[in-house]
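Residue strings, one per chain:
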Amino acid sequence: MEKKDKIVVTGLVLVLIFIIINIFSTLNTMSDYEARKESGNERWKQVENRILQTEEKVNMLEEELRTWKK
């Protein structure tokens, strides 16, 4: 092979290596995102449950207050 051909082949091999590294990096980022998303969803469910519990307590106190006013 000529020197020019060797340079082209070496360049293509380097580009292929960078593409493979990029694919693995993207897959890793996607899996990490999914894990963080699930963790965030669980956290929001906890927050929602706390809000519902607080609303229930407020409703109970409002009802108790109404009975005291009568």
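Everything here concerns the structure above.
Residues numbered from 1 in each chain as written. Predicted model: local features only at pLDDT ≥ 70, side-chain atom pairs only at ≥ 80, totals over all residues. Heavy atoms only, no water.

Peer 1: Kindly report on the overall build of the chain, identifying the contributing residues and their values.
Peer 2: Counting its regular elements, the chain contains 1 helix and 0 strands. At 30 Å, the chain has a C-alpha radius of gyration far larger than the 11 Å of a compact globule built from 70 residues. Its C-alpha atoms give the chain principal-axis dimensions of about 100 × 15 × 5 Å. Looking at the 70 residues of the chain, the share that counts as buried comes to 0%. For the chain, the accessible area works out to roughly 7000 Å², and carbon and sulfur atoms hold 63% of it. Distance between charge centres in the chain, computed from 12 positive and 12 negative side chains, equals 5 Å. (Helix = DSSP H or I, 4+ residues; strand = E, 2+ residues; numbered from the N terminus. Rg over C-alpha atoms; globule rule 2.2 N^0.38 Å. Buried < 20%, exposed > 50% of the residue type's maximum accessible area, 1.4 Å probe, protein only. Areas by Shrake-Rupley, 256 points an atom, 1.4 Å probe, with all protein chains shown as cover. Lys, Arg positive; Asp, Glu negative; His and termini not counted. Charge placed at Lys NZ, Arg CZ, Asp CG, Glu CD.)

Peer 1: Describe the environment of Lys45, and please don't skip the residues or the numbers.
Peer 2: Mapping Lys45 onto the fold places it in helix H1 (residues 3-69). A sequence separation of 14 residues divides Lys45 from Ser31, and the C-alpha atoms of the two residues are 21 Å apart.

Peer 1: Which residues make up the pattern of salt bridges, and what values go with them?
Peer 2: Under the counting rule described, the total for this entry stands at 4 salt bridges. A salt bridge links Glu42 to Lys45; the nearest nitrogen and oxygen atoms lie 3.7 Å apart. Taken together, the residues span about one helical turn, with Glu42 and Lys45 both in helix H1 at a distance of 3 residues. Assessed through its relative accessible area of 45%, Glu42 is described here as partly exposed. (Salt bridge = Lys/Arg side-chain N within 4 Å of Asp/Glu carboxyl O.)

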